[in-house]
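Structure at a glance
Next come the chains, spelled out residue by residue.
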Amino acid sequence: MRNRVIIGGQWGDEGKGKIVDALSRDVDWVLRYQGGANAGHTIHIGQEKHVLHLIPSGILHQGVRCLLGGGMVVDPWALRDEIIGLEERGFQVRDRLFVAANATLLMPYHMRMDELREAKLSRHNIGTTGRGIGPAYLDKVQRTGLRMGDLLLSADRLERKVIEKILSANEVLSNTYQAEPMPARLLAEELVVLAQTLAPLVVDAHVALAGVRAGSESALFEGAQGTLLDIDHGTFPYVTSSNTTVGGALTGTGLPPRALGEIHGVFKAYCTRVGNGPFPSELLGEPGDRLREAGGEFGATTGRARRCGWFDAVASRFAVDINGMTGVMITKLDVLDTAATVPVAVAYDLDGEQLDVYPTVAEMLPRCRPVYREFPGWGQPLTGCRALTDLPPAARRYLEFLEQILGTPVVGVSVGRDREQMIWTPGGVTV
Ligand code: GDP
Ligand code: IMO
Ligand code: MG
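Scope of this entry: the structure provided in the associated data block. Note that this is a predicted model, so its numbers are computed, not measured.

Brief notes about the overall build of the protein chain
- Assigned secondary structure in the protein chain consists of 12 helices and 20 strands.
- Since a compact globule built from 431 residues should have a radius of gyration of about 22 Å, the 22 Å found for the protein chain is in line with a globular shape.
- Dimensions along the principal axes, computed over C-alpha positions, put the protein chain at roughly 65 × 50 × 40 Å.
- Counting every position in the protein chain, which comprises 431 residues, the buried fraction comes to 57%.
- Restricting the contact set of the protein chain to residue pairs at least 6 apart, pairs at least 24 apart contribute 75%.
- Accessible surface computed for the protein chain: about 17600 Å², of which carbon and sulfur atoms make up 52%.
- When the 44 basic and 50 acidic side-chain charges of the protein chain are each reduced to a single mean position, those positions are 1 Å apart.

Here you go:
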């Protein structure tokens, strides 16, 4: 089986969790490589709903090994709770879940700093998930952060090291934010206890992934967030703090480029965004509310209402380009079942000039107005479709257009939240 990277093509929440779950059955490894518990990946199996934040979506398949890669920021409290949650639901987790020793440890003071910084930015805030992601990555690039490998230290040394970090975080809390200090000894003691549970999961990823490097074991890479939230290529500063694009899969696992295999982007048949920042094809007011209701567009991590709009082919083409996507998957096509027409942004109008290429200069995007092309709706439910030939002609025409404008084959179409509600189209949708 060929390896594959699953990358969000928009601003996150494209349905990556569902896709990764659907593809995990026959793989040896599912690897997360960036981000942390800011991700919320939802998987429905029958009546059961699972939301994963740190643990790769492959965990729901017995026998699949899962790794939290070195590019991640890992909150050990959240990881413990997620493991317990899965175990309580009958999933056997422990001997097949691993965490790279070089992953950054996300501490409660990172979460506190995230919250305080957002409050200080006031109406110019980013609208983060409040999970401490930015401050934890800051500690990493500043070369001061703790790492998962520190959990392997003796209890004494770990406690001393952690107290030292908390004391210096407390200086930032009081000097920058005039905030209360965190209880250093208490948190250090808690972490020492947590280390007893989590240390057995900590591995040297270079050793653990030897089989993937050699080609004898297969891997599915599970991206978090989406291309337009990338720290370098996204809508800065309204982005997350990691590389959500394809490079993150390399640096975040330590695997070489030849291990990546296919690069598959996941896109909703429309578009959503949580948090602040430009969104040219956003629908405000009642039309946006209707899409939000139809798609159940409320955040899996924070419960926030997602901003909704039409498919943006300009931004999506940029996502295809920058990641070198070899195929795309379109999710939530069924959400458009009752739309009379389905518009797609095919260009932008910038101060009266037509722009066909996505502008990466931050101040341009907020001034772009979408130029739409409209497609007729299909007016019937798609949730029972399992083959391309089951789709009504209007739905097929919409997919064919997306394939054409993105210049990349549509290799999968999701028509409902359940595992089975998929149409696999490895050869594309245009006949
Ligand atoms: P992720 O972060 O990319 O994994 O996406 P989320 O889980 O945050 O959000 C996607 C939401 O859409 C979840 O509630 C999924 O259960 C749901 N979903 C995924 N695919 C489909 C689909 O094809 N149709 C419908 N109706 N819901 C879907
Ligand atoms: P998944 O993996 C959607 C957004 C936040 C905010 C910005 C920065 O489920 O697709 P952060 O907490 O990362 O510092 O927030 O990024 N964001 C997401 N939006 N899906 C996600 O993950 C997201 N993770 C972060 O809303 O705008
Ligand atoms: Mg999500």
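Details of the coordination of the magnesium ion (ligand 3)
- Bound to the magnesium ion (ligand 3) on the protein side are Asp13 (OD) and Gly40 (O), at distances that span 2.0 to 2.2 Å. Remark: Gly40 occurs in the loop between strand S2 (29-32) and strand S3 (41-45) and Asp13 occurs in the loop between strand S1 (4-8) and helix H1 (16-23); sequence separation between them is 27 residues.

Regarding the packing of helix H5 (residues 155-177) against helix H6 (residues 184-198)
- H6 packs onto H5 with a crossing angle of 140° between their chain directions and a minimal axis gap of 9 Å. In terms of orientation, H5 lies oblique with respect to H6. Classified by chirality, the crossing of H6 by H5 is right-handed. Where H5 abuts H6, its residues Ala155, Leu158, Glu159, Val162, Ile163, Ile166 and Leu167 lie against Ala184, Arg185, Leu187, Ala188, Glu189, Leu191, Val192 and Ala195.
- Considering only residue class, the contact of H5 with H6 consists of 12 nonpolar, no polar and 3 charged.

Points about the site of ligand 1
- Lining the immediate environment of ligand 1, one finds 19 residues, of which Lys16, Gly17, Thr42, Asp334 and Ser414 sit closest.
- Between ligand 1 and the protein, one listed contact pairs an oxygen atom with a side-chain N or O atom of Asp13 at 2.9 Å.
- For ligand 1, whose accessible area on its own is 580 Å², the fraction buried by protein is 90%.
- According to the grid-proximity analysis, the pocket containing ligand 1 is the second largest pocket.
- When residues of the shell around ligand 1 are traced back to their parent elements, those giving at least two are H1 and S3.
- Domain assignment of the residues forming the shell around ligand 1 places at least three in each of domain 1 (4-101 + 203-263) and domain 3 (267-424).

Regarding the pairing of strand S7 (residues 97-100)
- The two faces of S7 match: Leu97 and Val99 on one face and Phe98 and Ala100 on the other face are all buried.
- Bridge count for strand S5 (residues 65-68) against S7 is 3 bridges, and the pairing is parallel. Its bridge partner lying in S7, Leu68 is registered against Val99.
- Of the pairings in the sheet, the one linking S7 to strand S9 (residues 202-203) comprises 2 bridges and is parallel in character. Paired with Val99 across the two strands is Val202, which belongs to S9.

Looking at the site of ligand 2
- Close to ligand 2 lie 21 residues; Asp13, Lys16, His41, Thr129 and Thr240 are nearest.
- Taking Gly127, its main chain carries an N or O atom lying 3.3 Å from an oxygen atom of ligand 2.
- The protein chains hide 98% of the 550 Å² of surface that ligand 2 would expose on its own.
- For the shell around ligand 2, a count of residues per class yields 8 nonpolar, 10 polar and 3 charged.

Remarks on the layout of surface pockets
- Its boundaries defined by the atoms lining it, the second largest pocket holds a volume of some 600 Å³.
- As for the second largest pocket, its lining consists of 27 residues, of which Thr42, His44, Gly295, Lys332 and Arg417 are closest to the centre.
- Elements with a minimum of two residues in the lining of the second largest pocket: H1, S3, strand S4 (48-52) and helix H10 (285-295).
- When residues of the lining of the second largest pocket are assigned to domains, at least three fall in each of domain 1 (4-101 + 203-263) and domain 3 (267-424).

Considerations on the pattern of salt bridges
- In the structure shown here, the tally under the stated rule is 18 salt bridges.
- Arg80 is paired through a salt bridge with Asp81; the nearest N and O atoms lie 3.1 Å apart.
- Note on Arg80: relative accessible area 28%, which makes it partly exposed.
- Residue Glu297 pairs with Arg306 through a salt bridge whose shortest N-O separation is 2.7 Å. Assigned by exposure class, Glu297 and Arg306 land together as buried.
- Beyond isolated ion pairs, a larger network of salt bridges with shared partners links Asp13, Lys268, Glu297, Arg306 and Lys332.

The rules behind the values
Residues numbered from 1 in each chain as written. Chains lettered and ligands numbered in written order. Predicted model: local features only at pLDDT ≥ 70, side-chain atom pairs only at ≥ 80, totals over all residues. Heavy atoms only, no water. Helix = DSSP H or I, 4+ residues; strand = E, 2+ residues; numbered from the N terminus. Rg over C-alpha atoms; globule rule 2.2 N^0.38 Å. Buried < 20%, exposed > 50% of the residue type's maximum accessible area, 1.4 Å probe, protein only. Contact = heavy atoms within 4.5 Å. Areas by Shrake-Rupley, 256 points an atom, 1.4 Å probe, with all protein chains shown as cover. Lys, Arg positive; Asp, Glu negative; His and termini not counted. Charge placed at Lys NZ, Arg CZ, Asp CG, Glu CD. Donors = N, O, S within 2.8 Å, 3.2 Å for Na, K, Ca; no water. Axes fitted to C-alpha atoms, helices over the stretch in contact; angles between N-to-C directions. Parallel < 35°, antiparallel > 145°, perpendicular 65-115°, else oblique. Left-handed = near helix turned anticlockwise from the far one by under 90°. Nonpolar A, V, L, I, M, F, W, Y, C, P; charged D, E, K, R; others polar. Near = heavy atom within 4 Å. Polar contact = N/O pair within 3.5 Å; in protein donor to acceptor, adjacent residues only side chain to side chain. 1 Å grid on protein atoms, 1.4 Å probe; cavity = no way out; pocket = protein on both sides within 12 Å on 5 of 7 lines; lining within 4 Å. Sits in = over half its atoms within 2 Å of the grid points. Domains from an automatic or database assignment. Pairing = 2+ DSSP bridges. Points joined across faces, edges and corners; volume = space filled by probe spheres on them. Salt bridge = Lys/Arg side-chain N within 4 Å of Asp/Glu carboxyl O.

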